[in-house]
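Residues per chain, in single letters:
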Amino acid sequence: MSRRFTPKVVTASDLRQGDVVWLTADDRWTRDIAEAELVEDEAHAELRLLFALGQPQTVVGPYLADARRGPNGPEPMHFREAFRARGPSNYPHGKQAVRG
Amino acid sequence: MYRYSDFDEAFVRARVAQFRDQVARRLSGALTEDEFKPLRLMNGLYLQLHAYMLRVAIPYGTLSARQMRQLALIAERWDKGYGHFTTRQNVQFNWPRLQDVPDILDALADVGMHAIQTSGNCIRNVTADHFAGAAADEIADPRPVAELIRQWSTDHPEFSFLPRKFKIAVTGSPNDRAVTRAHDIGLRMLRDGSGAAGFEVSVGGGLGRTPMLGQVIRPFLPEADLLPYLEAVLQTYNAAGRRDNKYKARIKITVFEHGLAAFRDEVETRFAEIRPEFRGADRALLAEIRAAFAPPAFARLPVGGFEAARARDGAFRAWCATNLAPHREGDHAIVTISLKAHGATPGDATAAQMRVMADLAERYAYDELRVSHEQNIVLPHVPKAHLPAVFDALAAAGLGTANIGLISDIIACPGMDYCALATARSIPVAQAIAQRFAALDLEHAIGPMKIKISGCINACGHHHVGHIGILGLEKAGVESYQITLGGDATELAAIGERAGPGFAHDEIVPAIERLVRAYLALRAGPDETFLAAFRRLGPAPFRAALYPEEARRDAA
Ligand code: SF4
C-alpha cells in the first residue's frame, strides 16, 4: 500500500523582493499562505511545481512544502515553513508586518 | 587609516557597473537564476529565508566614522533601519530588494567599501585582532599584513575557484583575539631571537561539521616570505583539495587526509619554486601600506577627571570594569561598545546607533571604529579624559551596557530567523539567556563567560570554541539544542565536548541556568572562571547538572 500523500503548497522566493510567495489555484503568487492552493494529489503537485519552475522571471527556487488544511486556508507544517510564513522572531518584520 | 588608491576605486566602480548590468539582465530574463547566482554571490548577495541579504566586507574590521555613517544611510534608505555585524567582522543587511543592490554597492564605493569576496570559493575577507594597533600586549599592528593579503587575494585569478571558501586571520598579539586557530590559515606575528619580524603559520583550522584546530606548519616564517608562502599553501590546497564532496573540501580535510608532514613537504617544494618570482614589489607595497596605518597623534590629556568620575559614578565604574581594555598608551583606553543590551539581537545596531558611534569616533577617538568577531563595536583609541562623555552618549543611545566578556555578551549567528541554511533559531535563545541572567542579577557574580550559539552545523556562531556552546538542530520536527562544554577561542584554543542529548527550545534556558548554578556551587572561589572550573573538574559534575534525572537514575 502506498504511503498517504501529505498535502503540499508550492512556495518560492520572489525574484525582485526576495520575499516568500505561495502559488494560488488561479496561477497567481500570493504573500499570504492562507490563499495558497493546497494540493492533495501527488501527480497534481508535480504539475503545479512544473508550472512554478516555468516562471523563472517571477520566482526563484520553487519547491513543494508540506501543509495542512486550517480554518482559513493552508497552514505550514514544518517550523521552518512556519517561520517563512510569519517572519523573524526578533523584530515584527516579514509577513507578520504585512498582516499586522 | 588605509585609503583606497585610484586603482582600488576604479576596480570597485567597474565591478558595480558590471553587477548593475547583470541585475538588469536577470530582471529582463536574459540571465537565468543558475547563471545569475554565482554572479550575485561574488558580490555578496545571498537569497535567504525572508529576503535577499547583502554581506558587506569590512576588511580586518576597520571602519572610519564616514563609512559607519554610510552604513547607517544604507540601512535607512534601502533596508529596515538596522545592520547586523557578524562573527566575520562584516556587516549584513537583511532586507534589500534586488533592483536596489547596485545602488547600495555604489553608495558603498563612495566610501571605499564593497561586498566583493564575501561569498564563494575564494579567499574571503581577511580578519584580524579587533584591538590591532591599540592593544598594550601587541608586538605589531597586524592590519598592514591583512591589507597586503587583501590586495593580493582580491580577484586573484588562480584562487577564484578553490575547492571551497578560504579564511585567513592575523593577530599581532600573543593573546589571540582573532581565533587564528579556527581559520584555514592563521598567522601569529612573532619576532625571532634576533628581533626580526615573522609569523607562526598554522593551517587547517576550521569549525563547522568537522571542527579542527589549525596545526603549525611553519613555526617561524620571515616576513619577506609571506606572500610566496601563502601562495604555495593555496596552490597545494587548490591542487590536492577535494572537489568531489562539499563537506570534505576545506583545507582542514586536505591536511588531515594527507597528513601535515606530506602537506608541508608539498608546500615547501612549491615555495622553493615560486619564491624567486617575488622580487620585492610585495615588500615595497607592505612598507607603503604600513605608512598608511601609522598610529594617530595621541593627545596628552589629564586623566584626573576620568578617575574622579569613576570614583563618583557607579554605573560608569561598572562599565569601565567590563568594557575597557588596556591601551598601549597609559592615558588612553580601548572601548568596547556592547551590541548586546539584554534582550537585544547580538550584533544588531540601528542607523541611529551607528551614527552615535560614528560621531563619538570622530569627536573623541581619532575617527576609528572596529567590528569585533564577538559582534561588538570597538573604539580602539580613546583618551581616558573623554571616557565619561563617551559613556554618557552611549548610555543615552542604548549602547551603554556593561557586559563585555560576561554571560550576556553572547555570539549568536542569524539562525533560522534569517539564514536559509539554518536548522534552528539562535537569536531568541541568546535573547532569553541574557534576559534570564539579568533578571537573576547573577551576571557579575558569574564573571568571564563566553556563550556562543550557532543555528546549524556550519558553526558561524563559533559554538565549538564557546565555554558553553549551543548548536541548534532539528530533531523529530522540532528545534533541539545541543550543548558543548569547555571550548576556548584564545591562544589556548580548544574544541568543546558535547555534553549529551539536546534540549527543546523551551528547555534550553533552564538547562543553561542549571549548568551555571552548578558552576557557582562548585568553583574554588570567585576568581575561578567557568572554564578554569571545567578544566579542573572535568565534565561529570556539569553533565549531572544538565541531566539531573539521569544522575538520579545512576545513583539509584
Ligand atoms: S551557523 Fe548555520 S544557521 Fe548560523 S549563520 Fe551559519 S549557516 Fe546560517
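Because the structure is a prediction, the values reported are computed rather than measured. Residue positions are counted from 1 within each chain, in the order its sequence is given. By the order in which they are written, chains take letters starting at A while ligands take numbers starting at 1. In keeping with the model being predicted, local features are shown solely for residues with a pLDDT of at least 70 and side-chain atom pairs are shown and tallied solely at 80 or more, while totals for entire chains, interfaces and linings include all residues. Think of the side-chain values as coming from all heavy atoms in the structure, minus any hydrogens and water.

The subject of this paragraph is the interface of chain A and chain B. Throughout, a contact is declared for two residues whenever any of their heavy atoms are within 4.5 Å. Chain A puts 24 residues into the contact, and the matching count from chain B is 33 residues. Buried area: the accessible surface (1.4 Å probe) lost by two parts on joining, summed over both. Surface buried jointly by chain A and chain B totals about 2300 Å² across both partners, of which 55% is contributed by carbon and sulfur atoms. N or O atoms within 3.5 Å of each other form a polar contact, as long as, within protein, one can give a hydrogen and the other can take it, and as long as residues adjacent in sequence are counted only when both atoms are side-chain atoms. Linking chain A with chain B are 12 residue pairs in polar contact (both at pLDDT 80 or more), by the criterion used here. Residue assignment for the side of chain A that touches chain B shows that the elements contributing at least two residues are strand 1 (8-14) and helix 2 (79-86) of chain A. Helix and strand assignments follow DSSP, with helices taken as H or I runs no shorter than four residues and strands as E runs no shorter than two, numbered in order from the N terminus.

All names here are of chain B. Here chain B is partitioned into domain 1 (6-109), domain 2 (142-292), domain 3 (304-396) and domain 4 (411-555). Delimitation of the domains relies on an automatic or database domain assignment. The C-alpha-based centres of domain 1 and domain 2 are spaced at 27 Å. Residue-level contacts link seven residues of domain 1 with eight residues of domain 2. A buried area of about 670 Å², summed over both sides, lies between domain 1 and domain 2, and 57% of it is on carbon and sulfur atoms. Together, Phe11, Tyr60 and Arg88 form the three largest contributors to the area buried by domain 1 at its contact with domain 2, with a combined 67%. Here a salt bridge means any side-chain nitrogen of Lys or Arg lying within 4 Å of a carboxyl oxygen belonging to Asp or Glu. Joining domain 1 to domain 2, the criterion identifies one salt bridge. Close ionic contact of aspartate 155 with arginine 15 constitutes a salt bridge, the shortest N to O distance being 3.3 Å.

What follows covers the environment of A:Glu37. Residues and elements named next belong to chain A. Within the secondary structure layout, glutamate 37 lies in the loop between strand 3 (29-30) and helix 1 (42-53). Residue class for glutamate 37 comes out buried when judged on its relative accessible area of 15%. Sequence separation of glutamate 37 and proline 62 is 25 residues, and the distance between their C-alpha atoms is 14 Å. Among all residues touching glutamate 37, those that are not within four sequence positions of it are Lys8, Val9, Leu23, Thr24, Ala25, His44 and Arg48. Here the side chain of glutamate 37 touches histidine 44 through a polar contact of 2.9 Å, side chain to side chain. Only protein chains enter the calculation, and the probe is 1.4 Å; a residue is then buried if its accessible area is under 20% of its type maximum, exposed if over 50%, and partly exposed in between.

With that out of the way, let us pick up the pairing of strand 18 (residues 468-475) of chain B. All names here are of chain B. Inspection of the sheet shows strand 17 (residues 451-454) paired to strand 18 by four bridges, in the parallel sense. In the strand pairing of strand 18, isoleucine 451 is matched with isoleucine 468. In this structure, strand 18 lies alongside strand 19 (residues 478-485), joined through eight bridges in antiparallel fashion. Directly across from glycine 472, in strand 19, lies its bridge partner tyrosine 481. Counted between consecutive antiparallel strands, the loop separating strand 18 from strand 19 contains two residues, among which alanine 476 sits at a positive phi close to 50°. Following DSSP output, two strands are said to pair if at least two bridges run between them.

Moving on to the packing of helix 14 (residues 427-440) of chain B against helix 16 (residues 508-522) of chain B. Residue and element names in this part refer to chain B. Here, axes are lines fitted to C-alpha atoms. For helices the fit covers the stretch in contact, and angles between N-to-C directions go from 0 to 180 degrees. The N-to-C vectors of helix 14 and helix 16 enclose an angle of 45°; their axes lie 10 Å apart at closest approach. Taken as axis vectors, helix 14 and helix 16 run oblique relative to one another. Note that helix 14 runs across helix 16; the crossing there is right-handed. Touching Val429, Ala432, Ile433, Arg436, Phe437 and Leu440 of helix 14 are Ile508, Val509, Ile512, Glu513, Val516 and Arg517, all from helix 16. Just so you know the grouping, Ala, Val, Leu, Ile, Met, Phe, Trp, Tyr, Cys and Pro go in nonpolar, Asp, Glu, Lys and Arg go in charged, and all remaining residues, Gly too, go in polar. Of the residues in the contact of helix 14 with helix 16, the class split is nine nonpolar, no polar and three charged. Orientation categories follow fixed angle ranges, with anything under 35 degrees roughly parallel, anything over 145 roughly antiparallel, 65 to 115 roughly perpendicular, and all other angles oblique. The crossing is said to be left-handed when, going from far helix to near helix, the turn is anticlockwise and less than a right angle, and right-handed when the turn is clockwise.

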